[in-house]
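Tertiary structure, described
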Amino acid sequence: MSAKNASSLKSVDELTLPEARAEHETLGREIAEHDRRYYEEDAPTVSDAEYDALRKRYEALEGLFPELKTSESLTQKVGARASEKFAKIRHRVPMLSLANGFADEEVEEFVERIRRFLQWKADAPLVFTAEPKIDGLSLSIRYEKGRLVTAATRGDGAEGEDVTNNARTVGDIPHVLEGSNIPDVFEVRGEVYLSHKDFAAINERQEAAGKPLFANPRNAAAGSLRQLDPKITASRPLCFFAYAWGEVSAMPADTQYGMMEVLRSFGFKVNPLTRRCSSVAEMLEHYHAIETDRANLGYDIDGVVYKVDDLSLQQRLGFVSRSPRWALAHKFPAQKAVTVLEDIEINVGRTGSLNPIARLRPVTVGGVVVSNATLHNEDYIKGIGGNGEKIRGGVDIRIGDTVIINRAGDVIPKVLDVVLEKRPADAKPYEFPTHCPACGSHAVREVNPRTGKEDAVRRCTGGLICPAQARERLKHFVSRNAFDIEGMGEQRIDEFYEEGLVQRPQDIFTLAERNARSLKRLENREGWGETSVRNLFAAIEARRSVSLNRFTFALGIPHVGETSARLLARHFGTFEALREAAKAAADPESEAHAELTAIGGIGPVVAEAIVEFFKEEHNEEMLDALLAQVNVEPMEAPATVYSPVAGKTVVFTGSLEQMTREEAKAMAERLGAKVAGSVSKKTDIVVAGPGAGSKLAKAAELGVQVMDEDGWFALVGRG
Ligand code: IVH
């Protein structure tokens, strides 16, 4: 949503009353929606500065046109949002997320995957812990010499907000650890949550004070912990369950279950429903028992978490992407609701995809008000699945239909089904647009040359001329896991784009300079002030130096998400190296192409997208202009303990006997090495098992160091 009528660009005193009235109304709706996202979903989509600017404009309108100040006005309601700012804390050990599963079979697959990775037989004993997945927000609390020193929210996993003073007000969080053998450094991780009873009491108080209600206990807990005034946090009875740890100077136990007992002995609450299970059957039994008891627990949970009990196995299993291979969140089934599909809108994505969005009559699902849901793509609306098969028995989805939607935890709500009996007589099949709603270019479904099948996604062919794509690319560029420019939210981008102030990424970094020379300076405009402009420019300046992985991700290369960006950054070390390799890889026969596709985790589709991106002349120009403005920090070798193979390129070949290929690769990468699939001049070490063939010969020819598995373990140890 945005107040993009023409009047919002004028200063308030240039408006006529009807213009002011129209803008006041749009703005009021917009602010109310932001309040809802903030209070009910704890998921604001604009920065505090942007929100404040909207409010300021809203108040300015009422200042000049007092007739707008009715009892309905937002200024007459209590509960303006505070602009809160917390200092940041970097997590010394990243706070990761968990892989999810819904079906019982996924638990079986999870356990099988672990056995395969470890090369264990199906009957070798393997123990897991199983405990409820608490629906709150995670917190990392650092103790030094047994005393609480800092507490930080998860944030983006690498950096969270410093909520130390607030955490100290939580009864379940000890200020000083109890017991003996307390490690010098001990970071405890767990979940802050609110009981159903306390949640109800908080909402009663909110209502009595005329303040907005929280939609569910999780949002209320988040809203309570993220208060600038710890007195407010103290007045909300937050609880805490400990279930994990971050940096620890000396591990006091060698199993997950043992650690939970230690945490309890240190004075933490650990969930009483934590069990040890030695088979999938036991895990599922505990899951279903918890599911049955769910309503009686007195607090919200959204599934069960299984973790490999033996910590040395956890260490061996390591991580895939951002989640541990040794854990699984087995979520409870999604909650459903019935509502009416009022409209279908098309959003144009960063890569030109035409994404259909269902506008729904608002409905509460699992405590959250849902008014939008995804409709996936054109075929999905028609009742056709990914392989051309019928879904919903081939029933299509029409505007006006009564639909069943679901929502599972943090997943985007989906339209699942149609209640056909309630279909209005005049409902017509939905005609998916064949032109981009933003730029009018043709929108096509490409045919995959390999499979000969039509892509499910219809894409705008406008490329660089399509304003929607350009805006989405900019939004991606400044987003939290990319350049993370505070004060440059979606709304600001829309505004800057429309005015022609920022249309390409490089424009962001020349904005301050152009503004200084401009006749229409930002600080003199409605909705802005000296401070907000200064803050914005400071936020931009702070990002003139950016890490290679963020930079690579920010470019918005199709299929290159955060994980691929990180892999590329780690492999190439500098942007120059990545760019050069990507250009050279345009020749599919080149060594550069072989190198790119041999990077673990970079498949052929991703490699192709990278090559295409760097081939494009406009992208080259954009990169040159951007690199003249920003410094891309080279990726340092991963911060592992000293490793004799850090920075080296290793090739594993032949059959390995003491570890699986996957495990070998994960181990080498953990130690800071790059793993390649073929031997070249760049290879440092070849680890060869029995049956190694041409790669061994190539290594000999190039004079590369060759060792067997024992040699490898002698070099790197067994850790
Ligand atoms: S273990 C390395 N255990 O779920 C992973 N997480 O989806 C450490 N959560 O961010 C997390 N209950 O906020 C773990 N018993 C539990 C949990 C739990 C809730 C949350 C946590 C985490 C998220 C991951």
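Within any chain, residue numbers begin from 1 and follow the written order of that chain's sequence. Confidence filtering applies because this is a predicted model: local features only for residues at pLDDT of at least 70, side-chain atom pairs given and counted only at 80 or more, and all residues used for totals across whole chains, interfaces and linings. To get the side-chain values, all heavy atoms of the structure are used, and hydrogens and water are removed first.

Moving on, we get to the side chain of Ser224. With respect to the element layout, Ser224 can be found in helix α6 (residues 217-225). Categorising residues by exposure relies on relative accessible area from a 1.4 Å probe, with only protein chains included: less than 20% of the type maximum marks a residue as buried, more than 50% marks it as exposed, and the intermediate range marks it as partly exposed. Accessibility expressed as a relative area gives 0% for Ser224, which makes it buried. Two residues form a contact once any of their heavy atoms are found within 4.5 Å. When near neighbours in sequence (up to four residues on either side) are disregarded, Ser224 contacts Thr233, Arg236 and Leu238. Think of it this way: any DSSP run of H or I at least four residues long counts as a helix, any run of E at least two long counts as a strand, and we number them from the N terminus.

This next bit is on the sheet that holds strand β8 (residues 239-248). Spatially, β5-β4-β7-β8 is the arrangement adopted by the 4 strands of the open sheet, whose pairing is antiparallel. Each edge of the open sheet carries a strand with a single partner, namely β5 (147-153) and β8. Pairs of neighbouring strands in the sheet enclose a mean axial angle of 30°, with direction left out of account. Paired strands are those between which DSSP finds at least two bridges. Sheet topology note: the strand β7 (residues 185-193)/β8 ladder contains 7 bridges and is antiparallel. Note on geometry: axes are lines fitted to C-alpha atoms, helical ones only across the stretch in contact, with angles between N-to-C directions running from 0 to 180 degrees.

This brings us to the confidence of the model for the chain. Of all residues in the chain, 95% have pLDDT values of 70 or greater, and the mean over the chain is 89. On a range of 0 to 100, pLDDT expresses the predictor's confidence in each residue. Across residues 1-6, where pLDDT falls below 50, the model places 16 contacts with residues more than four positions away in sequence or in other chains. Within the model, pLDDT remains below 50 along residues 78-84, and this stretch shows 26 contacts once partners closer than five positions in the same chain are excluded.

Geometrically, a pair of aromatic rings is defined through the distance of the ring centres and the angle of the planes. Any two rings among Phe, Tyr and Trp, with Trp reduced to its six-membered ring, count as a pair given centres within 6.5 Å; such a pair is stacked if its planes are under 30 degrees apart, edge-to-face if over 60, and tilted if neither. Summed over the entire model, instances satisfying the criterion amount to 17 aromatic pairs. Seen in terms of ring centroids, Tyr193 and Phe241 are 5.0 Å apart; in terms of plane orientation they differ by 10°. Their pairing is stacked. Here the residue Tyr193 occupies a position in strand β7, and Phe241 occupies one in strand β8, the gap between them amounting to 48 residues. Judged by relative accessible area, Tyr193 falls into the buried class, the value being 7%. Three or more aromatic residues link up through ring pairs in this structure, and these residues are Phe477, Phe483, Phe509, Phe551, Phe575, Phe613 and Phe614. Note on criteria: charge over ring means Lys NZ or Arg CZ within 6 Å of the ring centre, with the direction from the centre no more than 35 degrees off the ring normal. The ring of Tyr380 carries Arg392 above its face, with NZ or CZ at 4.8 Å from the centroid.

On to the packing of helix α21 (residues 604-615) against helix α22 (residues 617-627), then. One can describe the packing of α21 onto α22 by two numbers: an axis separation of 5 Å at closest approach and a directional angle of 75°. In terms of orientation, α21 lies roughly perpendicular with respect to α22. Across the interface between the two elements, Phe613, Phe614 and Lys615 from α21 touch Glu617, Asn619, Glu620, Met622 and Leu623 from α22. Considered class by class, the residues forming the contact of α21 with α22 number 4 nonpolar, 1 polar and 3 charged. Throughout this description, any angle smaller than 35 degrees is read as roughly parallel, any larger than 145 degrees as roughly antiparallel, any in the 65 to 115 degree range as roughly perpendicular, and the remainder as oblique. Only Asp, Glu, Lys and Arg are considered charged in this grouping, and only Ala, Val, Leu, Ile, Met, Phe, Trp, Tyr, Cys and Pro are considered nonpolar; every other residue, Gly among them, is considered polar.

Attention shifts here to the sheet that holds strand β2 (residues 100-101). Strands sit in the order β2-β13-β10-β3-β9 across an open sheet of 5 strands; the sheet is mixed. Looking at the sheet topology across the chains shown, the edges are occupied by β2 and β9 (275-277). Where strand β3 (residues 128-134) lies against strand β10 (residues 301-308), 7 bridges are found, and the strand directions are antiparallel. By the bridge assignment, Lys133 is partnered in β10 with Gly303.

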